[in-house]
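One-letter residues, chain by chain:
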Amino acid sequence: MLEKPGESSGFWEAVKAGVRLTHEAGPIKPAPVTKKPPLSFGQERLWQIDRMNPGNVGHNLRSAIRLRGHLDEDILKRSLREIIGRHEVLRTTFGGGGDDGFQIISTNVCIDFATEDLNDIPVSRQEGEIRKLAGREARKPFDLTRGPLVRVRLLRLWEMNYILLRTIHHIVNDRWSDSLFMRELSAVYTAFKEGRPSPLKPLPIQYKDYAHFQRERMTGELLTSHTDYWKAHFSGNFPVLRLPEDAGEPKILSYRGGSEYLVLDQAFSNRLERFCIDRGISLYVLLLSAFKTLLFRYSGQKTMILCSPVAGRSRPETKKLIGYFNNVLPMKTELADSLTFRELVERVGQGTTRAMAHQEIPLQHLADVLGIPGAVISRCMFAFQNVPNQPDKMADLALTQVDLEEGISNFDLSLSFKKNGKCLTGVMRYKTGLFTRETITGMLAVLKNLLGLLTASPDIHLGELPMYGDEPACKPKKPRKGETLTLPRTEMEKTVAKVWMEVTGLSAVDINTSFFDLGGRSLGMVKICGRLQQILSREIPAMELLKAPTVKGIADYLSLNGVKEEINTRPIRDRRKMQKEAMKRRQKKAIRVRRR
């Protein structure tokens, strides 16, 4: 991105913040040899989730690439083996438990590669079959203790036409890694096809070295300084974002999702980029500001918190590593009718710059220390995908990325943008239990109009914009017709239900509905378990609660195991003390890692 001479943009301030982070601790070096390399913070969170809910496919990442041309399948397999051998993380499985999980790196892994012929299926039906097979692959669970954690399927369509399906667990991969994988595959396949050795230079470090570096670095004063910033930034309550849902909280809320697209043509996209250049801001800041304006005019909510992912690759050594580097930052903005869009953009830009300077702290640590409810974290997300482009050729093969919808939405609502050539493309994903397709398409149409209006008249006050929707989203929605909730009856059921509502942010729960059908996550169940232990003064195995994850099931288990229906009125340990204890545990773990 260009900027006017003499202007300092939020984008470049964020870049400088990343450079500062890079030089704070020196380069990442190979870690001491140990039999049990530690997990990165991100891996630890996914490992804990998998242990609590084995076979969860919510973290399966997939991609589909169309290949056109003369494909040598033997060279393709050889190229895949070369990349698996190059990156240790793709040969990694996991062991241990809790905070003591560790990586198990194999010297050799037989890649899970299979082929399937679709030649006999009419071309008109092949697309449907491709989506069916891709969905089946995405829903097939990985065993993190056994591996391999990458699967490749080659679909033969017709003469010189193929689909390459690749499914990888998020614990060893992210979207940046997807692009890196394909660029390396293209380079290696091309070289092997021409009879040359792999052109890829040896990697100076591996993912395990990054995990060790992260563990050693994020302790003591650095952890405290990052934590102090976020505590100051989030002083006060954590209001759940109000969205224009089409019904009240459904009795059963799953991860089933849909998606709708918004394509901004070249002329419109150029106007947005020119607006950013003239004001020295990034497209990310502009689009995030417009999205928050949209939500503000639907809800009237002034304190707005939504999540935004960061690549987590601020250090140059990580740019060529496949692995899980992503982090998620909770982005908070205060809005008001009296605020102009120009002022909002400045406010969002400054907030983004500060957040990027403190992006290293793991989201789970933030959620634990600050007490951010899970309903806030999983409510809404915004992303601008700024990952390296994937190649369009591999030797004499033409490559095209295929968009295959997964039918899953991890957030109640999410919006992401990316550049496709000279156009901007947005996709809004949503939970189908909360929104209708008509509501989502309507929101995207309003967003496009808003972008045109706000960039043409940036001094317009937010209060001058119309309120959208039939009624403000802040008004309570009526329950779905015919839907009734089975409410708690015993004191134990009431105690469990109260804890559920604290963790999920729901206003009411049905005692027979599964925690996971309500959109809960395994780490949320850990929080429920910990809270019940505090209230009931009793050790409670979290795994037992997972066997019957309903209010009634948990209450029955507690009653059958001799827990009295009495609430402990003793004060719970204050959060600062718990934070210090957690910090001490992390420091002790870092010391153990250094001694290995």
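Here, the structure is the one placed above.
Cut-offs applied
- Residues numbered from 1 in each chain as written.
- Predicted model: local features only at pLDDT ≥ 70, side-chain atom pairs only at ≥ 80, totals over all residues.
- Heavy atoms only, no water.
- Helix = DSSP H or I, 4+ residues; strand = E, 2+ residues; numbered from the N terminus.
- Buried < 20%, exposed > 50% of the residue type's maximum accessible area, 1.4 Å probe, protein only.
- Contact = heavy atoms within 4.5 Å.
- Areas by Shrake-Rupley, 256 points an atom, 1.4 Å probe, with all protein chains shown as cover.
- Salt bridge = Lys/Arg side-chain N within 4 Å of Asp/Glu carboxyl O.
- Pairing = 2+ DSSP bridges.
- Core = buried A, V, L, I, M, F, W, Y, C linked by side-chain atoms within 4.5 Å.
- Expected span 1.5 Å × (residues − 1).
- Polar contact = N/O pair within 3.5 Å; in protein donor to acceptor, adjacent residues only side chain to side chain.
- Axes fitted to C-alpha atoms, helices over the stretch in contact; angles between N-to-C directions.
- Phe/Tyr/Trp six-rings, centres within 6.5 Å; stacked < 30°, edge-to-face > 60°.
- Parallel < 35°, antiparallel > 145°, perpendicular 65-115°, else oblique.
- Left-handed = near helix turned anticlockwise from the far one by under 90°.
- Nonpolar A, V, L, I, M, F, W, Y, C, P; charged D, E, K, R; others polar.
- 1 Å grid on protein atoms, 1.4 Å probe; cavity = no way out; pocket = protein on both sides within 12 Å on 5 of 7 lines; lining within 4 Å.
- Points joined across faces, edges and corners; volume = space filled by probe spheres on them.

Undergrad: I keep staring at the overall build of the protein chain and nothing clicks. Help me out?
TA: The helix and strand tally for the protein chain stands at 18 helices and 14 strands. The buried share of the protein chain, reckoned over its 596 residues, is 53%. Considering only intrachain contacts with a sequence separation of at least 6, the fraction spanning at least 24 residues in the protein chain is 79%. Accessible surface computed for the protein chain: about 27,500 Å², of which carbon and sulfur atoms make up 51%.

Undergrad: Is there a simple way to explain the pattern of salt bridges in this structure?
TA: Between side chains of opposite charge, a pair can form as their charged atoms come close. Evaluated as defined, the whole model comprises 29 salt bridges. A salt bridge links glutamate 88 to lysine 208; its shortest N-O distance comes to 3.0 Å. With glutamate 88 in the loop between α3 (73-86) and β2 (92-95) and lysine 208 in helix α6 (residues 207-217), the pair connects residues that are 120 residues apart, well separated along the chain. In this structure, arginine 166 engages aspartate 178 in a salt bridge whose closest nitrogen and oxygen atoms are separated by 3.3 Å. With arginine 166 in strand β6 (residues 161-169) and aspartate 178 in helix α5 (residues 175-193), this residue pair connects regions lying twelve residues apart in the sequence. Like arginine 166, the residue aspartate 178 is buried in the burial classification. Taken together, the shared-partner salt bridges connect Asp112, Glu137, Lys140, Arg151 and Arg153 into one network.

Undergrad: Sorry if this is basic, but what is going on with the pairing of strand β13 (residues 413-420) here?
TA: Looking down a regular strand, the side chains alternate between one sheet face and the other. Two elements, strand β10 (residues 380-385) and β13, share six bridges in a ladder whose sense is parallel. Considered in β13, the bridge of phenylalanine 384 is made with phenylalanine 417. Across eight bridges, the pairing between β13 and strand β14 (residues 423-431) is antiparallel. Directly across from leucine 415, in β14, lies its bridge partner methionine 428. Taking the residues between adjacent antiparallel strands as the criterion, β13 and β14 are bridged by two residues, where glycine 421 takes a positive phi near 65 degrees.

Undergrad: Help me understand the nonpolar core, please; the structure alone is not making it clear to me.
TA: Soluble globular proteins tend to bury their nonpolar side chains together. With 79 residues, the main nonpolar core has Trp230, Leu272, Phe291, Leu295, Phe382, Leu413 and Phe417 as its most contacted residues. Of all the elements, helix α9 (residues 283-299) adds the most residues to this core, at twelve residues. Filtering out sequence-adjacent residues up to four positions away, phenylalanine 291 remains in contact with Leu306, Cys380, Met381, Phe382, Leu413, Leu415, Met428 and Leu447. Counting 49 residues, the second largest nonpolar core, distinct from the first, contains Ile28, Leu67, Leu76 and Leu399.

Undergrad: Just to check I follow, could you spell out α5 for this structure?
TA: With 19 residues, α5 should reach 27 Å at 1.5 Å per residue; the first-to-last C-alpha distance of 27 Å fits that figure. In terms of burial, α5 is largely enclosed, as 15 of its 19 residues are buried. Its side-chain oxygen placed 3.3 Å from the backbone nitrogen of tryptophan 176, aspartate 174 serves as the N-cap of α5. Trailing α5 by a residue or two, glycine 195 shows a phi angle of about 80 degrees, which is positive.

Undergrad: Any chance you could explain the sheet that holds strand β4 (residues 112-117) here in plain terms?
TA: If you walk across this open sheet you meet the six strands as β4-β5-β6-β1-β12-β11, and the pairing is mixed. Each having just a single partner strand, β4 and β11 (393-394) make up the two edges of the open sheet. Two elements, strand β1 (residues 60-68) and strand β12 (residues 397-401), share four bridges in a ladder whose sense is antiparallel. Directly across from isoleucine 65, in β12, lies its bridge partner glutamine 401. Together, β4, β5 (150-158), β6 and β11 form the strand contacts of α3, whose direction differs from that of β5 by roughly 160 degrees. Contacting β1, β4, β5 and β6, helix α4 (residues 123-138) crosses the sheet at an angle of about 170 degrees to β5.

Undergrad: Explain the packing of aromatic side chains to me, please; I cannot follow it from the model alone.
TA: Here the distance between the centres and the angle between the planes together describe a pair of aromatic rings. Under the counting rule described, the total for this entry stands at ten aromatic pairs. Judged by centre distance (5.1 Å) and plane angle (75 degrees), the ring pair of tyrosine 229 and tryptophan 230 falls under edge-to-face. For tryptophan 230, a relative accessible area of 1% gives the class buried. An aromatic cluster of at least three residues, connected via ring pairs, comprises Tyr229, Trp230, Phe234 and Phe238.

Undergrad: Looking at this model, I keep getting lost on the environment of lysine 292. Mind explaining?
TA: Mapping lysine 292 onto the fold places it in helix α9. Lysine 292 gets classed as buried once you look at its relative accessible area, which sits at 1%. Here the alpha-carbon distance between lysine 292 and threonine 333, two residues 41 residues apart in the chain, equals 8.4 Å. Residues in contact with lysine 292, not counting those within four places in the same chain, are Met304, Leu306, Met331, Lys332, Thr333 and Leu335.

Undergrad: Help me understand the packing of α9 against helix α10 (residues 341-357), please; the structure alone is not making it clear to me.
TA: Geometrically, a packed helix pair is captured by the angle between its two axes and the distance between the axes. One way to put it is that α9 packs onto α10 with a least axis distance of 9 Å and a crossing angle of 120 degrees. One way to sum up the angle between α9 and α10 is to call them oblique. Between α9 and α10 lies a crossing of right-handed hand. Within the contact between the two elements, α9 uses Tyr284, Val285, Leu286, Leu288, Ser289, Ala290 and Thr293 and α10 uses Phe341, Leu344, Val345, Val348, Gly349 and Thr352. Residue classes in the contact of α9 with α10 are distributed as nine nonpolar, four polar and no charged.

Undergrad: Looking at this structure, how should I read empty space enclosed by the protein?
TA: Applying the stated rule across the entire model yields one cavity of 30 Å³ or more. Lining the largest cavity, in full, are Ala31, Pro32, Thr34, Pro37, Pro38, Lys208 and His212. Within the lining of the largest cavity, the residues separate by chemical class into four nonpolar, two polar and one charged.

Undergrad: What is the right way to look at the environment of serine 198 in this model?
TA: Turning to its location among the elements, serine 198 is positioned in the loop between α5 and α6. Residues serine 198 and glutamate 82, spaced 116 residues apart in sequence, show a C-alpha to C-alpha distance of 8.2 Å.

Undergrad: Help me understand unusual backbone geometry in this model?
TA: Residue proline 148 is reached from glycine 147 by a cis peptide bond, and omega for that bond is -10 degrees. Here proline 148 shows up in the loop between α4 and β5. Of note in this structure, methionine 160 is not a glycine but carries a positive phi near 60 degrees. Checked against the element boundaries, methionine 160 lands in the loop between β5 and β6.

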